[in-house]
Amino acid sequence: MNKIFFIILCFFWLQEKAMAFTMTSSAFDNNKSIPKIYTCDGKKISPPLDWSDAPSGTKSFVLICDDPDAPNGVWDHWILFNIPASTDGIEENVQKLPEGTQQGNNSWNKTGYGAPCPPSGQHRYIFTLYSLDTTLNLKNGVSKAELKAAMKDHTLGKTQLIGVYKRGST
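Let me begin by describing the structure that accompanies this report. (Residues numbered from 1 in each chain as written. Predicted model: local features only at pLDDT ≥ 70, side-chain atom pairs only at ≥ 80, totals over all residues. Heavy atoms only, no water.)

**With respect to the overall build of the protein chain**
In step 1: A count of helices and strands for the protein chain gives two helices and nine strands.
In step 2: Reading the helices (α) and strands (β) of the protein chain from amino to carboxyl end gives α-β-β-β-β-β-β-β-β-α-β.
In step 3: A buried classification covers 41% of the 170 residues belonging to the protein chain.
In step 4: Surface exposure of the protein chain reaches about 9,700 Å², of which carbon and sulfur atoms provide 52%. (Helix = DSSP H or I, 4+ residues; strand = E, 2+ residues; numbered from the N terminus. Buried < 20%, exposed > 50% of the residue type's maximum accessible area, 1.4 Å probe, protein only. Areas by Shrake-Rupley, 256 points an atom, 1.4 Å probe, with all protein chains shown as cover.)

Quick look at the structure:
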């Protein structure tokens, strides 16, 4: 009896692992260089992002891109929330966000994608996607702190994609 229980438990554990919430980009691999086109040295356009296998019960997504290596503390580059659960990515150089998607203010106190532009050295740009069990009742232009407070107790899962960039690199 214990062997059967163990086998069933392993089956469900492996099935869960095979369906892990993930985010990728066709432009760069995790922990690899972000191409210049997506930075202040290029066209300053947003990179393509794709995700899959969101947790069951997902009602919306939150996407935050920030730079933890900025000299004055974490620098927010992009804040999106209330991305519909039916969405499985954001296109390159996105001009029209999915219906219902809202934007928070980045560290430039603007909405929209702020391209990587490290003042010195190589920086990490962490794209974090959160799966939420709700949509958030917030206005456009909220800060990351306000967004994170509203997300509290509503996060079902998260996934990250990290890109690196150093000025003068390709």
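**Structural notes on the nonpolar core**
In step 1: Ranked by size, the top nonpolar core spans 24 residues in total, and within it Met23, Leu49, Trp51, Leu63, Trp78 and Phe127 carry the most contacts.
In step 2: Put simply, the parts of the chain that give this core at least two residues each are β3 (49-52), β4 (60-67), β5 (75-84), β8 (122-132) and β9 (155-166).
In step 3: With sequence-adjacent residues up to four places away left out, Met23 is seen in contact with Leu49, Asp50, Trp51, Leu63, Phe127, Thr128, Leu129, Thr159, Gln160 and Leu161.
In step 4: By size, the runner-up hydrophobic cluster in this structure holds ten residues, among which are Ile79, Phe81, Leu132 and Leu136. (Core = buried A, V, L, I, M, F, W, Y, C linked by side-chain atoms within 4.5 Å. Contact = heavy atoms within 4.5 Å.)

**Thoughts on helix α2 (residues 144-151)**
In step 1: Among the residues of α2, Lys144, Leu147 and Met151 are the ones counted as buried. Buried residues along α2 cover an arc of 65 degrees about the axis, so they all sit on one side. Exposed residues lying more than 90 degrees from the buried face of α2 are Ala145 and Ala149.
In step 2: Looking at the buried side of α2, the elements it contacts are β4, β5, β8 and β9.
In step 3: The positive-phi residue at the C-terminal boundary of α2 is Asp153, with phi of around 70 degrees. (Arc of directions from axis to C-beta.)

**With respect to the side chain of Gln103**
In step 1: Among the secondary structure elements, Gln103 is positioned in strand β7 (residues 102-103).
In step 2: Here Gly112 takes part through its backbone nitrogen, which lies 2.9 Å from a polar atom of the side chain of Gln103.
In step 3: Each residue touching Gln103, except ones within four places of it in the same chain, is listed here: Trp78, Ile79, Leu80, Phe81, Leu97, Thr111, Gly112, Asn140, Gly141 and Val142. (Polar contact = N/O pair within 3.5 Å; in protein donor to acceptor, adjacent residues only side chain to side chain.)

**A closer look at the side chain of Asp76**
In step 1: Looking at where Asp76 falls in the secondary structure, it is placed in strand β5.
In step 2: Note on Asp76: relative accessible area 10%, which makes it buried.
In step 3: A distance of 2.8 Å separates the side chain of Asp76 from the side chain of Lys144, its partner in a polar contact.
In step 4: Aside from chain neighbours lying at most four places away, what touches Asp76 is Cys65, Asp66, Asn106, Ser107, Trp108 and Lys144.

**Section: the state of the cysteines**
In step 1: Scanning the entire structure with this criterion turns up one disulfide.
In step 2: Here Cys40 connects covalently by a disulfide to Cys117, the sulfurs 2.1 Å from one another. Residues Cys40 and Cys117 are joined by a disulfide whose S-S torsion is about 75 degrees; by sign, that bridge is right-handed. Placement of Cys40 in the loop between β2 (32-33) and β3 and of Cys117 in the loop between β7 and β8 is noted, with a sequence separation of 77 residues between them. (Disulfide = S-S within 2.5 Å.)

**Here we look at the sheet that holds β5**
In step 1: Across the sheet, six strands lie side by side as β2-β9-β8-β4-β5-β7; this open sheet has mixed pairing. Pairing within the sheet leaves two strands with one partner each, and these edge strands are β2 and β7.
In step 2: Alignment of β5 against β7, held across two bridges, turns out to be antiparallel. Note that in β7 the partner of Phe81 across the bridge is Gln102.
In step 3: Here α2 sits on the sheet in contact with β4, β5, β8 and β9, set at roughly 140 degrees to β4. (Pairing = 2+ DSSP bridges. Axes fitted to C-alpha atoms, helices over the stretch in contact; angles between N-to-C directions.)

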